[in-house]
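Working through the structure, step by step
Chain by chain, the residues run as shown.
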Amino acid sequence: MASCKYKNVYLNDYYTVVGPLEKESRLKGYDIALDDFYYNEKTFELAEVKMQNVVIDNILFKNGLKTSEVDLLIGGDLTNQISVTNYSARNYNFPFLGLYAACATFPESLIVGANFIDNMNYKKIITITSSHNLTAEKQFRYPTEYGAPKPHTATFTATGSAATLLSRAESRIKIESSTIGTPVDMGIKDANNLGAVMAPAAASTLLRHLSDLKRDADYYDLILTGDLGCVGGEIFKEYLKRNQNMKLKNHLDAGCELFLKGQDTYAGGSGPVCLPLVLFNRILLSRKYKKILIIGTGALHSPTLVNQKKSIPAIAHAVSLEVL
Amino acid sequence: MNIEEYKKLVKEMSPRENRLKNMIVAFFVGGMIGFLGEFFLYFVTETFATSRADAFIWLCLTLILVGTILTAFGFFDNWVSKCKCGFIIPTTGFAHSVTSCALDFKKEGLVTGLGANFFRLAGSVILYGIISAFFLCIVRVVLGG
């Protein structure tokens, strides 16, 4: 069984840093916004490391935590060998688990953290994730200054970093249950249409979650998918409709909710940080939703295998949150 | 739903690129660059009394220089997304691809970074340009004598 319920796991606190474009977007209430992509560092990668350090430092500071009180740091990002997270983790003396699930890293880290707290008696866990538009661009596409024209199905990697603090101490956001997804490959080879690659994975995890926990989609006030984008979000709904005859009324996509129309970001935002930014700086601020299911979606591709003309597998992990 | 059905669904749901509009934009932007180039050629041949072939070399060099400077100051990539391929096809695109690689990888060292990645995008243009030139030369020798 891929789903489990948690007795006592709470998301106590979060801290977010956003990039220059996200500052002008639909997000509100972020903690720090960058004015440029360098963040006073020499390279984009170092800027991303600094973003992660800033959010972790602030989580520690806001909650008055000492280094010895943090039992585990879990996180990941998009760069080669998740090097950004590795390099930011070396600045702390925390036990550290690095994860890679592309843009599903945020829910994956919540799942791992929640299990450690519920079953292993870990007390305080910090999760971290980040993405940077220009490091991701360099990693997966062209050099940053190249700016090749892209189709309308492409998504735009969001810049930012988000850290959360998980523990047993009761607080506003409860992590109620979770579902670990299976990799799904529907034969799409187009790395410029990752929404279409990830939509079946999101659908498969959603269905598994609902059937494991014997729930209806209407149980949730909101089903928030990670970064399918505006195109992928529509494909996701149509896929569910045709396959399962299921009409989702309470669905939003974080990628589609992030940027404004005029910001020229094709089909919307993407990246591991897209989901936490929209969740914390938009969805939770509205105070409209009590039961939220977040489904982080990740395309598990590498430029090498895409160039070798292999189709792209995708994964999605779901976490159910209750806002008290 | 099987893979074929899903591919059909994706094709249905993905917005089509407006190719005609892109082509028209590219045609006019590329055409304008050509138009300005023609002016430049005229100006150089008249002012410096050079041959048209020499003036053409100066034109190429100028376009490369301008493309490189625009890339270095960060204008080119924004314009490419608006002007589509009209900006890439002239020599400016080649200069732009080389400069953008150089800018990106200069922090990874002069040999391992900049040197190794300099022709990352333009390498194919050089390689297949030379190969096709070679075969076209043979065709010309055979046909033209």
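Residues numbered from 1 in each chain as written. Chains lettered and ligands numbered in written order. Predicted model: local features only at pLDDT ≥ 70, side-chain atom pairs only at ≥ 80, totals over all residues.

So, about the overall build of chain B. Across its full length, chain B carries seven helices and zero strands. Overall, chain B shows an N-to-C arrangement of helices and strands of α-α-α-α-α-α-α. Computed over the C-alpha atoms, the radius of gyration of chain B is 20 Å, more than 25% above the 15 Å expected from 2.2 N^0.38 for a compact globule of 145 residues. For the C-alpha atoms alone, the extent of chain B along its principal axes is close to 70 × 45 × 35 Å. Within chain B, the fraction of its 145 residues that count as buried is 23%. In chain B, of all internal contacts separated by at least 6 residues, the share reaching a separation of at least 24 is 53%. (Helix = DSSP H or I, 4+ residues; strand = E, 2+ residues; numbered from the N terminus. Rg over C-alpha atoms; globule rule 2.2 N^0.38 Å. Buried ≥ 20, exposed ≤ 12 C-beta atoms within 10 Å, placed from the backbone. Contact = placed C-beta atoms within 7 Å.)

Of the residues lining the interface, 27 residues belong to chain A; the matching set on chain B comes to 26 residues. Contributing elements (two or more residues each) for the side of chain A that touches chain B: helix H6 (194–212) and helix H7 (229–244) of chain A. At seven residues, the largest contribution of residues to the side of chain A that touches chain B is made by H7 of chain A. Residues belonging to the side of chain A that touches chain B are distributed by class as follows: 13 nonpolar, eight polar and six charged. (Nonpolar A, V, L, I, M, F, W, Y, C, P; charged D, E, K, R; others polar.)

Okay, the nonpolar core next. One finds Met-198, Ala-202, Leu-277, Ile-294 and Ala-314 of chain A to be the most contacted residues of the largest nonpolar core, which totals 106 residues. Shared between two domains, this core takes at least three residues from each, and those domains are domain 1 (3–167) and domain 2 (173–323) of chain A. Leave out the neighbours within four places in its chain, and Ala-202 of chain A touches Thr-225, Leu-228, Phe-236, Ile-295, Thr-297 and Ala-316 of chain A. Counting residues in each nonpolar core, the second largest holds seven residues, with Ile-33, Val-80, Phe-87 and Ile-88 of chain B among its members. (Core = buried A, V, L, I, M, F, W, Y, C linked by C-beta atoms within 7 Å. Domains from an automatic or database assignment.)

Another aspect to go through is the domain arrangement of chain A. Residue and element names in this part refer to chain A. Parsing chain A into structural domains produces domain 1 (3–167) and domain 2 (173–323). Using C-alpha coordinates to define each centre, domain 1 is positioned 18 Å away from domain 2. Across the contact, 49 residues belong to domain 1 and 55 residues belong to domain 2. Taken together, the elements giving at least two residues each to the side of domain 1 that touches domain 2 come down to strand S1 (3–5), strand S2 (10–18), helix H1 (20–23), helix H4 (105–120), strand S6 (125–131), helix H5 (133–140), strand S7 (156–157) and strand S8 (160–167). Take the side of domain 1 that touches domain 2: its biggest share by element is seven residues, from H4.

Let us look at the pairing of strand S13 (residues 291–299) of chain A. Residues and elements named next belong to chain A. Among the nine residues of S13, eight are classified as buried, and the element is accordingly described as predominantly covered. With four bridges connecting them, strand S10 (residues 222–225) and S13 associate as parallel partners. By the bridge assignment, Thr-225 is partnered in S13 with Ile-295. (Pairing = 2+ DSSP bridges.)

With 100% of its residues at a pLDDT of at least 70, chain A reaches an overall mean of 93. Taken element by element, chain A is modelled with least confidence in H5 of chain A, mean pLDDT 90, and with most confidence in S8 of chain A, mean pLDDT 97. (pLDDT = per-residue confidence, 0-100.)

All names here are of chain A. In terms of residue burial, strand S14 (residues 314–323) counts as a mostly covered element, since eight of its 10 residues are buried. As defined by bridge partners, strand S9 (residues 173–179) adjoins S14 across six bridges and the pair is classed as antiparallel. The residue of S14 that forms the bridge with Lys-174 is Glu-322. Alignment of S13 against S14, held across nine bridges, turns out to be antiparallel. Across the sheet, the residue bridging to Gly-296 is His-317, located in S14.

A separate point is the environment of Thr-79 of chain A. Within the fold, Thr-79 of chain A resides in the loop between strand S4 (72–76) and helix H3 (83–89). Each C-alpha atom of the pair Thr-79 of chain A and Gln-139 of chain A lies 6.4 Å from the other, and the pair is 60 residues apart in sequence.

Residues and elements named next belong to chain A. Within the secondary structure layout, Leu-213 lies in the loop between H6 and S10. Taking the C-alpha atoms as reference, Leu-213 lies 8.2 Å from Cys-4; in sequence the two are 209 residues apart. Every residue in contact with Leu-213, bar those within four places of it in the chain, is listed here: Ser-3 and Ser-177.

Taken N-terminus to C-terminus, the directions of H7 of chain A and helix H1 (residues 3–13) of chain B make an angle of 135°; their axes are 10 Å apart at the nearest point. As judged from the angle between their axes, H7 of chain A and H1 of chain B are oblique. The handedness of the crossing between H7 of chain A and H1 of chain B is right-handed. From H7 of chain A, Val-231, Glu-234, Ile-235, Glu-238 and Tyr-239 of chain A reach across to H1 of chain B, where they touch Leu-9, Val-10 and Met-13 of chain B. Considered class by class, the residues forming the contact of H7 of chain A with H1 of chain B number six nonpolar, no polar and two charged. (Axes fitted to C-alpha atoms, helices over the stretch in contact; angles between N-to-C directions. Parallel < 35°, antiparallel > 145°, perpendicular 65-115°, else oblique. Left-handed = near helix turned anticlockwise from the far one by under 90°.)

Right, let's get into the packing of H6 of chain A against H7 of chain A. The description of two packed helices rests on the angle between their axes and on the distance between the axes. All names here are of chain A. For the pair H6 and H7, the least separation of the axes is 8 Å and the interaxial angle reads 45°. When the axes of H6 and H7 are compared, the pair comes out oblique. When the axes of H6 and H7 are compared, the crossing they make is right-handed. Along its contact with H6, which presents Gly-195, Ala-196, Met-198, Ala-199, Pro-200, Ala-202, Ala-203 and Leu-207, the element H7 presents Gly-229, Val-231, Gly-232, Gly-233, Ile-235, Phe-236, Tyr-239, Leu-240 and Gln-244. Among the residues forming the contact of H6 with H7, the class breakdown is 12 nonpolar, five polar and no charged.

What follows deals with unusual backbone geometry. If a residue is not glycine, its phi is most likely negative; likewise, a peptide bond is most likely trans. All names here are of chain A. Positioned with a positive phi, Tyr-39 is a non-glycine residue whose angle comes to about 55°. Examined against the element boundaries, Tyr-39 turns out to sit in the loop between strand S3 (32–33) and helix H2 (44–62). The class for Tyr-39 is buried, based on 21 C-beta atoms found within 10 Å. Even without being a glycine, Lys-214 presents a positive backbone phi close to 55°. Position of Lys-214 relative to the elements: it lies in the loop between H6 and S10.

Another point: the confidence of the model for chain B. Atom-level detail of predicted coordinates should not be read off regions where pLDDT is low. Residue and element names in this part refer to chain B. On average, residues of chain B score 88 in pLDDT, and 99% of them are at 70 or above. Of all helices and strands in chain B, the one with the weakest mean pLDDT is helix H4 (residues 76–83) (79), whereas helix H7 (residues 123–144) scores best (93). Across the predicted assembly, pTM comes out at 0.92 and ipTM at 0.86.

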